[in-house]
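For reference, the chains in residue letters:
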Amino acid sequence: MMSYQQLPQYRGTIHLAMLTNQRLRTGVPVDNDQRIAQEVLAAVGGAQNVAGVVHCMTRLRFTLIDPTVPADDQVKAIDGVLTAQWSGGEYQVIVGQNVTKVYDALLACGAPAARTATAAPAPAANTARTITASALAYFSKTMVTLIPLIMGAAMFRAIAVVCGPVMLGIWSADSEIYNLFYNWIYNAGYYFLPIYIGWSAARQLGCSEQLGMLLGGVLIAPELMDLVHAAANGGAATTAIYGILPAALTDYSTTVLPMLLCMPVLAQIEKLAKKLVPDMLAVVFVPVLTMFVMIPVALCALAPLGNELGALLGNAMFALGNEGGVVSILALTVFAAVWEFFVMTGMVWVLLSLAIVQLLSSGSDSCVLVAATIAQFAAWGMAFGAFLRLKEKNERGAMLGFTISGVIGGVTEPALYGCGFKYPRCFAGMVAGGAIGGLVAALTHVTAYTVGATNIIMIAGFAAGGPMNIFWCCVSNGAAFVAATAIAYLWGFTKEQLAVDAAAALAQESATDDRTPVAPATHTPLAD
């Protein structure tokens, strides 16, 4: 008889049957998030087929040992799963806003968190394509882990701008609460980014998180900052590492690329140190040897290189949004039109990571972050247009729910998969709405200053540009929403789809009428 491990094509079904049988025997109720987690885990082959799992804002991202196991139809049929797809070597299951609860339930079911890269399956041959894909995956995953930190810190500054002297004037510029929100909390998130990136990158690479954080601390240590400030005031422009190796004096606070370049090298040096140092001395001397080699590599070569690359990238993206004329108009219009398709492919985090690099480099963004905001309004408008056009109650309720989940919850996947994929012509409304909103924003020079929330509150991220920037931000987003709503309403459905919807609505009305109790007839007695 073949063993369970020898039946990969049946692992998901067998595992789900075992879970169901266990629930029936124990009588323990399972909440909805636990149910989704158990069924998804079963469908991907159980915990023994998962090398690691992480999550972003709406997706479970699996690294699978045997990628042939998941059956897309089985995963997509799970109640609570919007869709599933392969992207960047990961199996991504989109579940929506409750992803953190489902993720916690997955871990409780035995799925391993993707803490290190050592549990991952063996890599494919090193071709230009696989190397590029691995680099983008490393870049994206490292930054995705930090998105809550980046957004949280940025929102405090956005609130300070709204309540401060620039807009509402509730807080004065020298008040303690304004300083707390505008500087203190914001800097706690952004100034120490090299340390946070050291931790996050180490998790992706499978090396020491503590050493990653230590290297990040080296790049922003007070002693280095003192030398940087002295250099800015006419002092020496370089320092000597170990007394012989020259290193440029650069402020690496709030930077991203220097640590992203350094960490893969640190991982390899640490791996070599573990081979060279005897086990009895490893606790002390592996970190010492790793850092002894890594500090000059970082300060003399990789960190300055990363800083220059970050500046070049920031300037290029800044020019894309601020060049003016046809270039800026086309860039913002196209990005806003097609942005949600990047969301569906999972590539959105790479673009957002680049936008964050640019934002930290120049302090503002007039292209990617603006386009992302407008595209979300267009997606919400698409679902709202479907809500207005359809008549069947359940379908109308679903479309309104997709709109609300976006406006309040900040996710567009329900609208994309629940509306767009079901009624593909509605995508025309989303694309056109995004393009129209992007065109308005380009012509009026709308600019984003922080990476804020992904729901309606995201508009606060434009507050630092003043009242007119907020005004045109609202106009461009409103134009995207209204245009997407109108086009989805007028052109988003085929005659056949509308006929089926009308028939379903009529059947609902008939069923309601049949269930309505009829009052007994009353008879007036005849007069004598």
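Before any of the text, the structure's been laid out above.
Residues numbered from 1 in each chain as written. Predicted model: local features only at pLDDT ≥ 70, side-chain atom pairs only at ≥ 80, totals over all residues. Heavy atoms only, no water.

### Looking at the overall build of the protein chain
Per the secondary structure count, the protein chain includes 19 helices and 6 strands. Taking all 528 residues of the protein chain together, 46% fall into the buried category. Across the protein chain, the fraction of contacts at a sequence separation of at least 24, relative to all contacts at a separation of at least 6, is 73%. Working note: accessible area of the protein chain is about 25,100 Å², and carbon and sulfur atoms make up 66% of it. (Helix = DSSP H or I, 4+ residues; strand = E, 2+ residues; numbered from the N terminus. Buried < 20%, exposed > 50% of the residue type's maximum accessible area, 1.4 Å probe, protein only. Contact = heavy atoms within 4.5 Å. Areas by Shrake-Rupley, 256 points an atom, 1.4 Å probe, with all protein chains shown as cover.)

### Quick notes on the environment of Gln-92
Following the sequence through the fold, Gln-92 ends up in strand E4 (residues 90-94). Taking relative accessible area as the criterion, Gln-92 reaches 1% and is therefore assigned buried. Separated by 34 residues in the primary sequence, Gln-92 and Thr-58 have C-alpha atoms spaced 9.7 Å apart.

### Observations regarding the sheet that holds strand E2 (residues 59-64)
A sheet is described by the order of its strands in space; here 4 strands give the open sequence E1-E2-E4-E3, paired in antiparallel fashion. One side of each edge strand has no neighbouring strand; the edge strands of this open sheet are strand E1 (50-55) and strand E3 (83-87). This sheet shows a mean twist of 25° between the axes of neighbouring strands, independent of strand direction. Direction of pairing for E3 relative to E4: antiparallel, over a ladder of 5 bridges. The residue of E4 that forms the bridge with Gln-85 is Gln-92. Against the sheet, helix H4 (residues 99-108) engages E1 and E2, with an angle of about 155° to E1. (Pairing = 2+ DSSP bridges. Axes fitted to C-alpha atoms, helices over the stretch in contact; angles between N-to-C directions.)

### Observations concerning the environment of Ile-147
Relative to the helices and strands, Ile-147 resides in helix H5 (residues 128-163). Among the residues examined, Ile-147 registers a relative accessible area of 4% and is labelled buried. Linking Ile-147 and Met-57, residues 90 residues apart in sequence, is a C-alpha distance of 8.9 Å. Those residues in contact with Ile-147, other than ones at most four positions away along the chain, are Trp-349 and Ile-356.

### Quick look at the packing of helix H8 (residues 209-219) against helix H10 (residues 257-276)
Interaxial distance between H8 and H10 falls to 10 Å at its minimum, and their mutual angle equals 135°. Here H10 runs oblique to H8, going by the angle between their axes. The two elements H8 and H10 meet at a crossing, and its hand is right-handed. Taking contact as the criterion, the partners of Leu-211, Gly-212, Leu-215, Gly-216 and Leu-219 in H8 are, on H10, Pro-258, Met-259, Cys-262, Met-263, Leu-266 and Glu-270. In the contact of H8 with H10, the residues fall into 8 nonpolar, 2 polar and 1 charged. (Parallel < 35°, antiparallel > 145°, perpendicular 65-115°, else oblique. Left-handed = near helix turned anticlockwise from the far one by under 90°. Nonpolar A, V, L, I, M, F, W, Y, C, P; charged D, E, K, R; others polar.)

### Quick notes on the nonpolar core
Side chains that are nonpolar tend, in soluble globular proteins, to be buried together. Judged by nonpolar contacts, the single largest core of 103 residues is most densely connected at Tyr-190, Val-256 and Trp-339. It is helix H14 (residues 368-389) that provides the largest number of residues to this core, a total of 15 residues. The residues contacting Tyr-190, other than those within four sequence positions of it, are Ile-150, Ala-153, Ala-154, Thr-254, Leu-360 and Val-451. Core analysis: the next-biggest nonpolar cluster, separate from the first, contains 24 residues, Ile-36, Leu-64, Val-81 and Val-99 among them. (Core = buried A, V, L, I, M, F, W, Y, C linked by side-chain atoms within 4.5 Å.)

### As for helix H9 (residues 222-232)
Taken together, the buried positions of H9 are occupied by Leu-224, Met-225 and Val-228. The arc enclosing the buried residues of H9, seen along the axis, measures out at 100°, which places them on a common side. Exposed positions of H9 whose direction lies more than 90 degrees from the buried face are Pro-222, Glu-223 and Asp-226. Looking at the residues trailing H9, positive phi occurs at Gly-234, about 105°. (Arc of directions from axis to C-beta.)

### Let's talk about the pairing of E1
Both E1 and E2 contribute to a ladder of 5 bridges, which runs antiparallel. Its bridge partner lying in E2, Val-54 is registered against Arg-61. Between E1 and E2, which pair antiparallel one after the other, the connecting turn spans 3 residues.

### Some words on unusual backbone geometry
Even without glycine at this site, Tyr-242 takes up a positive phi of about 60°. Counting through the fold element by element, Tyr-242 comes out in the loop between strand E5 (238-241) and strand E6 (245-248). Its identity as a non-glycine residue notwithstanding, His-445 has a phi of 60°, on the positive side. Its location among the elements puts His-445 in the loop between helix H17 (426-444) and helix H18 (467-491).

### A closer look at the packing of aromatic side chains
Enumeration over the complete set of coordinates arrives at 16 aromatic pairs. Relative to Phe-192, the ring of Tyr-191 has its centre 5.1 Å away and its plane inclined at 80°; by these criteria the two rings are edge-to-face. Clustering of aromatic rings is evident, with ring pairs tying together Phe-341, Tyr-417, Phe-421 and Phe-427. If you follow Arg-425 out to its NZ or CZ, it ends over the ring of Trp-491, 4.1 Å from the centre. (Phe/Tyr/Trp six-rings, centres within 6.5 Å; stacked < 30°, edge-to-face > 60°. Lys NZ or Arg CZ within 6 Å of the ring centre and 35° of its normal.)

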